[in-house]
Amino acid sequence: MLYIRGNALGLAMFMVGGVIAGIGGLVLKLGDVPIMLMVGVALFLMDAIIRLRVRHQPGWLMSKQVGGYFFFVPVWLLGIFVIILNILNGINLLPQKKR
């Protein structure tokens, strides 16, 4: 089992997301939307896999004792937020900056 929990595990997950973003942007030269979708999916999957391993415990989906957290928000929830935000950005539903 993992000995790192809570905010430290959440920070480690975000560091993995940063590596994914770095490789996608600097090495593969992908656009912002596909890179951030990959980061969102990775955040969601990393935390969900850890939490699903202990789903027999009460409160496993939101428990601070099980998966990664960023302050008080579970990482899987942040992953879903990143995915939704970048889907909206990809289909141009978010306001764009004027250049």
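Use the structure listed above.
This report concerns the structure included in the present document. (Residues numbered from 1 in each chain as written. Predicted model: local features only at pLDDT ≥ 70, side-chain atom pairs only at ≥ 80, totals over all residues. Heavy atoms only, no water.)

### Section: the packing of helix α1 (residues 6–27) against helix α2 (residues 32–52)
At a minimum axis separation of 9 Å, α1 and α2 run at an interaxial angle of 150°. With respect to each other, α1 and α2 are oriented roughly antiparallel. The interaxial crossing formed by α1 with α2 has right-handed handedness. Across the interface between the two elements, L9, M13, F14, V16, G17, I20, A21, G24 and G25 from α1 touch I35, M38, V39, A42, L43, M46, D47 and I50 from α2. For the contact of α1 with α2, the class distribution of residues is 13 nonpolar, three polar and one charged. (Axes fitted to C-alpha atoms, helices over the stretch in contact; angles between N-to-C directions. Helix = DSSP H or I, 4+ residues; strand = E, 2+ residues; numbered from the N terminus. Parallel < 35°, antiparallel > 145°, perpendicular 65-115°, else oblique. Left-handed = near helix turned anticlockwise from the far one by under 90°. Contact = heavy atoms within 4.5 Å. Nonpolar A, V, L, I, M, F, W, Y, C, P; charged D, E, K, R; others polar.)

### Thoughts on the packing of aromatic side chains
All told, the structure shown has two aromatic pairs when counted by the stated rule. Ring centres of F14 and F70 lie 5.1 Å apart, and the angle between their planes is 50°; this geometry places the pair in the tilted category. Of the two residues, F14 sits in helix α1 while F70 sits in strand β1 (residues 69–70), which places them 56 residues apart along the sequence. Centroid distance F70 to F71: 4.9 Å. Interplanar angle 70°. Geometry classified as edge-to-face. With relative accessibility at 60%, the residue F71 sits in the exposed group. Its end group placed over the ring of Y69, K64 keeps NZ or CZ at 5.6 Å from the ring centre. (Phe/Tyr/Trp six-rings, centres within 6.5 Å; stacked < 30°, edge-to-face > 60°. Buried < 20%, exposed > 50% of the residue type's maximum accessible area, 1.4 Å probe, protein only. Lys NZ or Arg CZ within 6 Å of the ring centre and 35° of its normal.)

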